[in-house]
Amino acid sequence: MITYDYDIIVVGAGHAGVEASLASARMGYQTLLATTNLDRIGFMSCNPSIGGLAKGHMVRELDALGGEMAINTDKTCIQFKRLNSKKGPAVRGSRAQCDKDLYCLSIADVLKKTPNLSILKSEVKSLVLENHEAQGVVLEDGSEIFAKKVILTTGTFMRGVMHIGLQRIEGGRVGDASTVGLSDQLDDYGFEVKRLKTGTPPRLEKDSIDWEKTEGQTGDDRFIPFSFMSDRTLKLPQIQCFLTYTNEKTHEIIRKNLDKSPMYTGVIEGTGPRYCPSIEDKITRFADKTRHQSFLEIEGLNTQSVYLQGISTSLPEEVQQEFLQTIPGLENVKMIRPGYAVEYDFIEPRQIYHSLETRKIKNLYLAGQINGTSGYEEAAVQGFIAGVNAALSLGGKEPFILGRDEAYIGVLIDDLVTKGTREPYRMFTSRAEHRLVLREDNCLERLLSKGVELGLVKGEKKAEGEKILKARKELLSQLHAKKLVPNEDTQNKIRSLNTKILLKPATAAELLKRHEVSIQDLKTFDLPIPDREDLTEPVEIAIKYAGYITRQNEIIQRIKNLENMLIPEGLEFKAIRGLSTEEIEKLSQIKPRTVGQAQRISGVNPSAIQALIMYLKAGSIKPNRTNGLKHP
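Reference entry: report on the structure contained in this document. (Residues numbered from 1 in each chain as written. Predicted model: local features only at pLDDT ≥ 70, side-chain atom pairs only at ≥ 80, totals over all residues. Heavy atoms only, no water.)

### With respect to the sheet that holds strand β11 (residues 167-170)
In any sheet, the strands associate via hydrogen bonds between backbone groups, in a parallel or an antiparallel arrangement. Convention followed: Here the rule is simple: two strands pair whenever DSSP picks up at least two bridges between them. Secondary structure counts use DSSP, requiring at least four H or I residues in a row for a helix and at least two E residues in a row for a strand, with both numbered from the N terminus. Axis definition: a line fitted to C-alpha atoms, over the contacting stretch in the case of helices. Angles run 0 to 180 degrees between N-to-C directions.
Read from one edge of the open sheet, 4 strands run β11-β10-β19-β12, paired in antiparallel fashion. Strand pairing shows two members of the sheet lacking a second neighbour, β11 and β12 (193-200), which therefore form its edges. Direction aside, the axes of adjacent strands within the sheet are offset by 25° on average. Where β12 and strand β19 (residues 340-347) come together, 8 bridges link them in antiparallel fashion. The partner of Lys-194 across the bridge, within β19, is Phe-346.

### Some points on unusual backbone geometry
The criterion, for reference: Throughout, exposure labels follow a simple rule: accessible area from a 1.4 Å probe, protein chains only, divided by the maximum for the residue type, with under 20% read as buried, over 50% as exposed, and the rest as partly exposed.
With a phi angle near 50°, Asn-131 is a residue other than glycine that sits in the positive phi range. Inspection of the secondary structure assignment puts Asn-131 in the loop between β7 (124-130) and β8 (133-139). Exposure remark for Asn-131: the relative accessible area of 64% places this residue in the exposed category. Non-glycine residue Leu-356 carries a positive phi angle of around 75°. Relative to the assigned elements, Leu-356 resides in the loop between β19 and β20 (364-366). Exposure remark for Leu-356: the relative accessible area of 0% places this residue in the buried category.

### Considerations on the side chain of Thr-114
Which entries qualify depends on this criterion: For the purposes of these results, a polar contact is taken to be a pair of N or O atoms within 3.5 Å, where, inside protein, one atom must be able to donate a hydrogen and its partner to accept one; residues adjacent in sequence count only when each atom of the pair is a side-chain atom. Any two residues whose heavy atoms approach within 4.5 Å are treated as being in contact.
Mapped onto the elements of the fold, Thr-114 is located in the loop between α4 (100-112) and β6 (117-121). In terms of polar contacts, Thr-114 uses its side chain to reach the backbone carbonyl oxygen of Val-110, at 2.7 Å. The residues touching Thr-114, leaving out its near neighbours within four places in the chain, are Leu-22, Ala-25 and Arg-26.

Purely geometric stuff here, so don't read any function into it on its own.
Printed below as a string of structure tokens:
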């Protein structure tokens, strides 16, 4: 009989590993976090920012559930922006540029102070496997550590190779070696292991840049914290980033050196990110463009390192130096280090359940770039879900699975498990069919109670979250209750708002539905409107978009009928008449949990779904009316 050293082992201390280990430890389970570099826990390997469109949504969702990324971002923010602020509420997104060193130090400090959590500096070479179950890990010195659950969050390190021109360097990023053994073991076990590619721009020396030739870009005056527990005042001094552009000279140098790019000589086999292309890709795919913009982002308050956003490259170092000096402001620039591409192994994600446990090996969970995703935020939320589900499984509880109508986190995981990916997966608002109800402002309404139920939101945090929700509810009620009678005093106040006078009595909520009237305007009617945007914005959106939200909720309810129709474990899809060979193969491979999930599988046609529904009804399969869904 095995004597377990830990309940859960988390391999890798990037953003996924951080959230996985914190979640499981905070849920009361003895957790070991294994990493090869103690100085780079929660390190931002690429850009110095958290959030963005859809990504900011996930950070706030994670905060409502009890994760750590949001509050650490607020602590270390050195520039805040709300993107798409002039557009509709569904597509607005928060983004914070952070001090990279302080972010890393702060998150490591949180981990070190967390009860039930131990940190080990060592490389994990392989898994301890027995009877299709993970039982621990084997370290580089050959020693074994046993655990009831193992979570792999290996990032870009599984057989990672860096490319600078035609030079190949083993490693997952500069300064850190690649890991060898895990992906070979998984491949031998029958997993489909593939290669992906990502890249990073050169880092430039701050004092070598002529800033006067660039355009300064300030952050927003108004700070909207990612975490509902953060103060609404910034902790650190705020800095500018700077805008510059490539030109035809830049493009000419790159074009004549494409034969030295590993992307264009077939050296790199992995697929790169479509939505974050290298500068080599940009000038080739968008040959008609005479320039491409780049933001110069200083990576911290006390560093010389400048991140050159938008100019990811793997050209030789001397070529990078040559083309950089054609860009305004960079004529005399010095590189701290060149840009490079990284090629690494990932596990095709259709081989995992929605709980992030693998289908082939019980008690083994995968989270982050190992599942084919790109980005700190996508990694962090997967790590959280894996940590939570490993802990719930130890307690004999059903897995925690978020629906596509509940969170962007649910959209992300469902896309991975159902559709897989052929390129680094990045979250966008366009991926969510219910995005109007998945806004940044209503994360607490959607998810706080789930965080409380998990035991990850408690004490002061629980009280503060519930206080905010109560204040929003009371404000909404007051606006619906306040009657405005069209007397002379009311009409004068309404005229002052540059809107039409009332023709009949109306509530304050009905007046707020008008496009030109804001919730702060209602103060003129002696309503107690708070100055806090986190209290007023969700209420204003709920009123102004009430009709659209109602229609979307009706659609969600209809879809839920399919989501609640469970497909029994071990169903032989070939027994269903009317399915094509391709449909049988895909359904058998992915093994969808519900008819709703089956409907989203590429290549499974509506006629096949109807045949599946008829087959299930004929077998008296009842829709599931509970919140939790069991996976096989």
